[in-house]
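One letter stands for each residue in the lines below.
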Amino acid sequence: MDLKADSDTIFFAAGVSNSKTATSMDFDREKKHFLEISKKYPDQLFVYFSTTSIYDKSLRDTEYVKHKVKMEELAMKHCKRLLIFRLSNIVGKTKNPNTIFNFFFNSILNEVPFVVWKNATRNFLDVDHVRIIVNYMLQNNSENHVINIANPISISVLELVNQFEKYLGKKANFELIDKGQSFNVDISVILEPMQILDLKFDENYILNLLKKYYPFDI
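The text that follows walks through the structure, step by step, so that each part is easy to find. This is a predicted model, so every value here is computed, not measured. (Residues numbered from 1 in each chain as written. Predicted model: local features only at pLDDT ≥ 70, side-chain atom pairs only at ≥ 80, totals over all residues. Heavy atoms only, no water.)

**A look at the overall build of the chain**
The condition is simple: Only DSSP runs of H or I with at least four residues qualify as helices, and only runs of E with at least two residues qualify as strands; both kinds are numbered from the N terminus onward. Here the radius of gyration uses the C-alpha set of atoms, whereas the globule reference equals 2.2 Å times the residue count to the power 0.38. Working definition: with a 1.4 Å probe on protein chains only, accessible area under 20% of the residue-type maximum means buried, over 50% means exposed, and in between means partly exposed. Contact criterion: two residues are considered in contact whenever any of their non-hydrogen atoms come within 4.5 Å of each other. Computed by Shrake-Rupley with a 1.4 Å probe, the accessible areas treat only the displayed protein chains as cover when residues are assessed.
Along the backbone of the chain there are seven helices and 10 strands. Taking 2.2 N^0.38 as the reference for a compact globule, 218 residues should give roughly 17 Å; the C-alpha atoms of the chain span a radius of gyration of 18 Å, in line with that estimate. With respect to the three principal axes, the spread of C-alpha positions in the chain is 55 × 40 × 30 Å. Counting over 218 residues, the chain shows a buried share of 44%. Contacts in the chain between residues at least 24 apart in sequence constitute 83% of all its contacts with a sequence separation of at least 6. For the chain, the accessible surface area stands at approximately 12,400 Å², while carbon and sulfur atoms represent 50% of it.

**Topic: the packing of aromatic side chains**
We count it as follows: Classification of ring pairs rests on two measures: the distance between centres of Phe, Tyr or Trp rings, Trp counted by its six-membered ring, which must be within 6.5 Å, and the angle between planes, read as stacked under 30 degrees, edge-to-face over 60 and tilted in between.
Tallied over the full model, the rule gives 17 aromatic pairs. Taking the centre distance of 6.0 Å and the plane angle of 40° together, the rings of F101 and Y214 count as tilted. Of this pair, F101 sits in helix α3 (residues 100-109) while Y214 sits in the segment after α7 (205-213), placing them 113 residues apart in sequence. The class for Y214 is buried, based on a relative accessible area of 7%. Ring geometry for F103 and F104: centres 5.6 Å apart, planes at 55°, overall tilted.

**Digging into the sheet that holds strand β8 (residues 145-149)**
Cut-off, in case you're wondering: DSSP calls a pair of strands paired once it identifies at least 2 bridges connecting them. Helix axes use the C-alpha atoms of the stretch in contact, all axes being lines fitted to C-alpha atoms, and the angles between their N-to-C directions lie in the range 0 to 180 degrees.
The four strands lie next to each other as β1-β2-β3-β8, forming an open sheet whose pairing is parallel. A single partner strand is all that each edge strand has here, and the edge strands are β1 (9-12) and β8. Ignoring which end each strand starts from, the neighbouring axes of this sheet average 20° apart. Seen against the sheet, helix α2 (residues 63-78) touches β2 (45-51), β3 (82-87) and β8 and runs at an angle of roughly 160° to β2. On the sheet, helix α4 (residues 127-139) packs against β1, β2, β3 and β8 and is oriented at approximately 155° with respect to β3.

**With respect to the pattern of salt bridges**
We apply this condition: By definition, a salt bridge exists where a carboxyl oxygen of Asp or Glu is found within 4 Å of a side-chain nitrogen of Lys or Arg.
Using the criterion set out here, one finds 12 salt bridges in the structure. Across the salt bridge formed by R29 and D26, the nearest N and O atoms sit 2.5 Å from each other. Here D26 and R29 lie together in helix α1 (residues 24-40), a separation of three residues that amounts to about one turn. A salt bridge links E72 to R86, with the shortest nitrogen-to-oxygen separation between them at 2.6 Å. Here the residue E72 occupies a position in helix α2, and R86 occupies one in strand β3, the gap between them amounting to 14 residues.

**Quick notes on helix α6 (residues 188-196)**
We apply this condition: As used here, the arc belongs to the directions running from the helix axis to the C-beta atoms.
The set of residues buried in α6 consists of I190, P193 and M194. Summarising the axial view, the buried residues of α6 lie within an arc of 105°, below the 170-degree limit, and thus occupy one face. Along α6, exposed side chains directed more than 90 degrees from the buried face belong to E192 and Q195. Along its buried surface, α6 packs onto α4 and β8. In the segment just after α6, D198 is the residue with positive phi, at about 60°.

**Quick look at the nonpolar core**
Note the threshold: Here, nonpolar core means buried Ala, Val, Leu, Ile, Met, Phe, Trp, Tyr and Cys residues that are tied together by side-chain atoms lying within 4.5 Å of each other.
Judged by nonpolar contacts, the single largest core of 44 residues is most densely connected at F85, F101, I149 and F164. Core analysis: the next-biggest nonpolar cluster, separate from the first, contains 11 residues, I10, F34, A75 and C79 among them.

**Overview of α3**
Residues of α3 that are buried include every one of F101, N102, F104, F105, S107 and I108, and no others. Packed against the buried residues of α3 are β4 (89-91), β5 (114-117), β7 (124-126), α5 (157-168) and α7. Remark: E111 follows α3 within two positions and exhibits a positive phi of approximately 60°.

**What to know about the environment of P113**
Along the chain, P113 turns up in the loop between α3 and β5. Since its relative accessible area comes to 54%, P113 is described here as exposed.

Structural data, given as structure tokens:
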């Protein structure tokens, strides 16, 4: 099942590659690109990808999250037909070293020390599951909505590191600090679609992601 692929839909996924080190120049570039595209195609359905980090009190005041909020407001102002997807942490095949999975994988494998926030939780989704859910919502006329797409089960960052250690067969060199917190994401809109699509979320989800995207002979 393919995403709605016609001249009636525009997917805007030209965000910054590293949310932690992005500068005002990076944010301005995305804003400028967005305004150019939305002005050029005023009648198309515009799909904008935002972030569920908006709900995380420990992250909502970061420049990246404040930028995403402003971009959502900009999209609502300039797009006659709009669909905003707020995504959790997406896992897939990418060379971007700044994703959480790539960071932990490379740090543990290469014995690089890092910091873990003791109280932080994160939510992870297979990029293929995101594609399937987005496609379903597009096919079922979900225009002019803001839709959260996240895993029903979040995981503590410390537990994530533990799963990487078990998978790689190596101990991580990290400092545990008393920071971060858990947060909830309302995914009630997509619960029924996930059942219809027969998407499975269980205690083996993270391990399955590791096996799928990080094949490793241990």
